[in-house]
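So you can see what is in the structure, the chains are spelled out below.
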Number of protein chains: 2
Amino acid sequence: MRIILASASPRRRELLHQIGWDFEICVSQVEERITKILPAEVVEELSGQKAKAVFEHLQGYASKVGCNGTGTDSDGVQVCVHEPEEGNDAVLVIGADTVVACDGEILGKPADREDALRMLRKLQGRSHYVYTGVTLCCRLADGQVLTKSFHEETKVTFYPMEEEEIQDYVDTKDPMDKAGAYGIQGICARYISGIRGDYNNVVGLPVGRLYQEVRNLTKEYQQ
Amino acid sequence: MRIILASASPRRRELLHQIGWDFEICVSQVEERITKILPAEVVEELSGQKAKAVFEHLQGYASKVGCNGTGTDSDGVQVCVHEPEEGNDAVLVIGADTVVACDGEILGKPADREDALRMLRKLQGRSHYVYTGVTLCCRLADGQVLTKSFHEETKVTFYPMEEEEIQDYVDTKDPMDKAGAYGIQGICARYISGIRGDYNNVVGLPVGRLYQEVRNLTKEYQQ
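Residues numbered from 1 in each chain as written. Chains lettered and ligands numbered in written order. Predicted model: local features only at pLDDT ≥ 70, side-chain atom pairs only at ≥ 80, totals over all residues. Heavy atoms only, no water.

(A) Examining the interface of chain B and chain A more closely. At the junction of the two partners, chain B supplies 32 residues and chain A supplies 32 residues. Approximately 2,400 Å² of surface area, both sides summed, lies buried where chain B meets chain A, with 45% of it carried by carbon and sulfur atoms. The three residues of chain B that bury the most area against chain A are Gln18(B), Arg190(B) and Tyr199(B), which together make up 23% of that side's buried surface. Where chain B meets chain A, there are 3 salt bridges. Within the residue set of the side of chain B that touches chain A, elements represented by two or more residues are strand S9 (192-197), helix H5 (199-203) and helix H6 (207-222) of chain B. Ranked by the residues each element gives to the side of chain B that touches chain A, the list is headed by H6(B), at 7 residues. Here the side of chain B that touches chain A is composed, by residue class, of 13 nonpolar, 10 polar and 9 charged. Note that strand S9 (residues 192-197) of chain A and S9(B) share 3 bridges and pair antiparallel. Bridged to Gly197(A) within S9(B) is Ile195(B). (Contact = heavy atoms within 4.5 Å. Buried area = accessible area lost by both parts, 1.4 Å probe. Salt bridge = Lys/Arg side-chain N within 4 Å of Asp/Glu carboxyl O. Helix = DSSP H or I, 4+ residues; strand = E, 2+ residues; numbered from the N terminus. Nonpolar A, V, L, I, M, F, W, Y, C, P; charged D, E, K, R; others polar. Pairing = 2+ DSSP bridges.)

(B) Main features of the relation of the copies chain B and chain A. Least-squares fitting of chain B to chain A yields an RMSD of 0.0 Å, with the transformation described by 0.0 Å of translation along the axis and a rotation of 180 degrees. Such a combination of rotation and displacement between the chain copies is what one expects of a two-fold axis. For chain B, the smallest separation between a C-alpha atom and the rotation axis is recorded for Arg196(B), amounting to 2.2 Å. Most of the interface of chain B is mirrored in chain A, where 100% of its interface residues are also at the interface. (Least-squares fit on C-alpha atoms with pLDDT ≥ 70 in both.)

These values are about where atoms sit, not about what they do.
Here it is in structure tokens:
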């Protein structure tokens, strides 16, 4: 089965490599539409929009004769597929979205330096939750289409941080492209006392759960 | 303060780099003597033996005129210090030891392929505990010597693994140099459903707690 990651995140790419999967990358510039309130539902919804946009465009892309390799199609979907669709290959598209939730507030990527400082001042010295939603869009060899969304929740606890430490960390620029303004896999590990749940879920993709879901899906498909 | 890591583990090295510390490496070939029974006490004891061996040899090493760089001293201690001791520099030696505990059995590195298979069959589909003990041996600029040991405990839960998955994982050779016959930071992430505690403690060094301990020590020293 061909696996397509519908995400430009280098961290998600590394995590899929880590679990030994061969995959291609296809990123959609789809506009996010949030209709849910609970963070667990928001990330499932957004992961679904990303996966479905790529899945649908990939289907259209498949029909274009002579269209392969890397490029941007007419709908602004960046396509980086190694080989053109054969038409009846089984294909799996993986979409994902991660947010941080603290005191009922959903923290995405910080808008600017001040926003990053605000988020870190809020998170330090206590616990918060990280949600990653994943949507699998799968077309089987017989043409049947399956879609499944799930999410994982991880509780993360920070040690107290001094104002100087927060400023120094924001100065590294590491927080700027990350939900909640921190990366658990970088220098910020200094300030994490522990987690409860899947670590890779905080990095951006719950690869344990993902592997299990895809394994089960593949098993059903083979039967 | 000069920081010396008393461990040959590339994973511990990466973790210290991750939290942004400059350090040198000095590895002792000291024979491990276990007098404790509880895993938390065993890892503290072994981390202490590693740190103290390096600390003591480093003191003697300092007195050898013209002796710097990489080499092996007369007691078999592998020394890789970038610069010779100045005599009155503050220096911190970090020793660490990691074990896996399951059903009262302490699992170290597997002896061979069969041992790795046995450990993974035991760990799959359930939870176990990982202990890393850390010992800090610190000589302050005024000559005062401080020693502190601590440990962190992390609970790790595996998804069920099929016999074929266990065999395939052992075939990758990844388990052979790791306590409990798995590396949470590699392909084995497929089989981890979650943890409770510090993730880096499972990799081999609880860098969150370590950073906090050294920060507190440095603060006391500056006062």
